[in-house]
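If you want the building blocks of each chain, they are given just below.
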Amino acid sequence: MELLPRGPGEFGSARYWDRFFRQRGQRPFEWYGAFPELCPVLHKYIRPRDKVLVVGCGNSELSEQMYDLGMCEDIVNIDISDAVICQMQERSRSKRPKMSYLLMDVLQMDFPDAHFQVVLDKGTLDAILTDEEETTLAKVDKMFAEISRVLQVGGRYFCVSLAQAHVLKKAVEYFSQEGWVVRVHQVAGSRDKQQFVLPVFVYVMTKFRKIPGSAPQILEICPEEQDKPMRVESAERLVAAVKDRQHYALLCSQLSKTPCGEQVSLDLCDKENGRPRYTLHVIDSPSVKPSRDNHFAIFIIPQGRETEWLFGTEEGRRQLATSAGFGRLVTVALHREQHYEGMAGIQAELSGKVMELAPLGLPAQQQVPFLSVGGDIGVRTVRHRDTSPLSGEYVVEDVKGDGTCYFRRLIFLRNRNVVQSEARLLAPKPLPGQKKRRKDKKKPSPAEPPAAIDKSYLCCEHHKAMVAGLCLLGGPDPLPALLAVLVVGLGGGSLPLFVHDYFSQARVAVVEIDPSMLEVATRWFGFSQGDRMRVHVSDGLDYVAKLAAEVSALPPAAPAQYDAIMFDVDSKDLTVGMSCPPPAFVEKPFLQKVKTILKPEGVFVLNLVCRDARLKESVLATLREVFPLLYVRRIEGEVNEILFCQPSPEGRRDPAELGARARALEGALRQPGRPWDSSYVLADMLQAIKIL
């Protein structure tokens, strides 16, 4: 039996619906939106004394159920199908005397003006607005005008819809321009049996008298899990918010049926302000043999540790999921702008939502474990937040690492999953005679002076490699008596500070384009200037070009200025596949200027972060053209590659010689009374170095 129309246009045809209901018989046809799902929304607005008009009623049981449950009794149902009206009159005549069924077209109704307090439409608008042809839109305008005419001021038009973008946009634009308040509810679907993958929505449009002039539009969305509506500023944003929920429903449907080959990422937003609150990654492990207890688990990443390799990279999360031993693992990252009430609070908040991401075959009533490191949600304290015209919005925050160590981090929020600078904090030492703080005493507030920075500890592996690269300097002594170093890119200042403090004869010049970063490094990362350390607030390109011009003007016998030049510069342009350095810093004319100010036996050290393979090959080719000797040290688990470039091929050293120089240099740097990170072994850093 063929019940589907030959084309979308037949949805508006009385002849089609007569044939449809004759063939279907007495079985109720609930296209979507069954009464139990719609009831919470309808009950919120409809009063027992309201006079209700149901347009395009079909043989749905919605009106009957509203009547039988006492929601309201004064209900008039209309439809263009004579067959279904006869069916419904016969079905309700004796049981529901106050409810009526009339043969009538919603485009031309016989009711007087302002006759109803409620107009209810379940699927009728969707059936009529099948396309955006001029004739279709004119028909919809006529329908809306008729609904507006028969509805009292203060009355409501309820439209149950699948909210296709063109349908929602048309309804919202029409009624908001008429001065109506438009609120869109997402209907809570049946978790056990759902006819449609896409969620059902109810547009609740409240009629107000149109105010002359440009009155502000009131547009709101009310997701299924909350009663409080969220205000949106435009019809486009409302359509986009609904589209996000539709995509989420499709994703959940897909994940419930098949394993995900690639990791799926999504944000769950705060109900109050719409900002991201949780970032979820769904990872399936096909190698894990399923049993009753290892189908599904949730892993809460402690605050501040979301940038670590294990949690912040696709490969790391895959390893985490495999080692956890669950067929599907959902990792949850917590956002710094949000407040969390401990592990129990997060579990209560997420339990319902994450179950929508459960895999196929999860046993009914299965308890899903929430996992974490050490059983807590970590510690994150934002010490400072500001905006720089050059670097954008940034934060300085203290986070608890693995174990008892705390770290201070600089994060640029345009790339919030990348730590720009990091320093380890020293535990405060009690003053002589001062008693230890009792555990039950109040903890220090963020307003107190920051803890001291451990300047002996280089947190970033690429900084360790860059310092180790100084072993490549020419000359018999691995620790030159005098050392001139140029560092382009200050950040928190850890790299130039370490060179300054451990190479006691070094004179360090730092170039930083953003004056805000100098302030951040000085106030929050223990950076300071002195006789051997000067910061020049300038564009690195301009500064190097100026130095190169000065050197070129000197007599040929005059020495170049620097033993070592280090570039650790981030790119502000996130559209390029290279985030460090900006492309202009690796163009041939500029690299030739770098070579001009570098001593013949010196070393140019470049932190390269490039995900574009073709672009990286181009950069390496350009570097080879300028610098005959090129080494690379790849940082394990990171995209960073440290390139060591030397002006002369005669400086080439074999691995054994490099190892010996590294051990000698480390011995010279490890002075009595001077702290040294025992995990930092220069020879180990250079063991993986390769000549390109």
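Where an unreviewed UniProt entry is consulted, the chain appears under the name eEF1A lysine and N-terminal methyltransferase, with the organism given as Oceanites oceanicus. As its UniProt record puts it under Sequence similarities (unreviewed entry), the chain is described as follows: "Belongs to the methyltransferase superfamily."

Trainee: Help me out: how do you make sense of the pairing of strand β24 (residues 598–610) in this one?
Mentor: Two faces, one strand: in a regular strand the side chains alternate between the faces of the sheet. For β24, the buried fraction is high: 10 of the 13 residues fall into the buried class. The pairing of strand β22 (residues 562–567) with β24 spans five bridges and is parallel. Directly across from Tyr562, in β24, lies its bridge partner Leu598. Where strand β23 (residues 578–580) and β24 come together, two bridges link them in antiparallel fashion. Residue pairing across strands places Met578 opposite Cys610, the latter belonging to β24.

Trainee: Could you clarify how one ought to interpret helix α11 (residues 342–354) in this entry?
Mentor: What sets the pattern is the α-helix's 3.6 residues per turn: residues three or four places apart point alike. Its 13 residues place the ends of α11 17 Å apart at the C-alpha level, agreeing with the 18 Å of an ideal helix rising 1.5 Å per residue. Of all the bends found along α11, the most pronounced is centred on Ala348 and spans about 30°. When we look at burial in α11, the residues that qualify are Met343, Ile346, Leu350, Lys353 and Val354. For α11, the elements touching its buried residues are α8 (235–257), β10 (264–269), β11 (276–284), β12 (296–300), β13 (328–334) and β14 (370–372).

Trainee: Explain empty space enclosed by the protein to me, please; I cannot follow it from the model alone.
Mentor: Regions of empty space are outlined by a rolling probe, equal in size to a water molecule, passed over the atoms. In this structure the tally under the stated criterion is two cavities of 30 Å³ or more. There is about 70 Å³ of room inside the largest cavity. What lines the largest cavity is simply Ala423, Ile453, Asp454, Lys455, Tyr457, Leu458, Gly492, Ser494, Leu497, Phe498 and Phe525. Here the element with the most residues in the lining of the largest cavity is helix α13 (residues 494–502); it accounts for three residues.

Cut-offs used in this document
Residues numbered from 1 in each chain as written. Predicted model: local features only at pLDDT ≥ 70, side-chain atom pairs only at ≥ 80, totals over all residues. Heavy atoms only, no water. UniProt positions renumbered as here; feature names shortened; annotations may be inferred. Buried < 20%, exposed > 50% of the residue type's maximum accessible area, 1.4 Å probe, protein only. Helix = DSSP H or I, 4+ residues; strand = E, 2+ residues; numbered from the N terminus. Pairing = 2+ DSSP bridges. Expected span 1.5 Å × (residues − 1). Bend = angle between axes of the 7 residues up to and from the residue. Contact = heavy atoms within 4.5 Å. 1 Å grid on protein atoms, 1.4 Å probe; cavity = no way out; pocket = protein on both sides within 12 Å on 5 of 7 lines; lining within 4 Å. Points joined across faces, edges and corners; volume = space filled by probe spheres on them.

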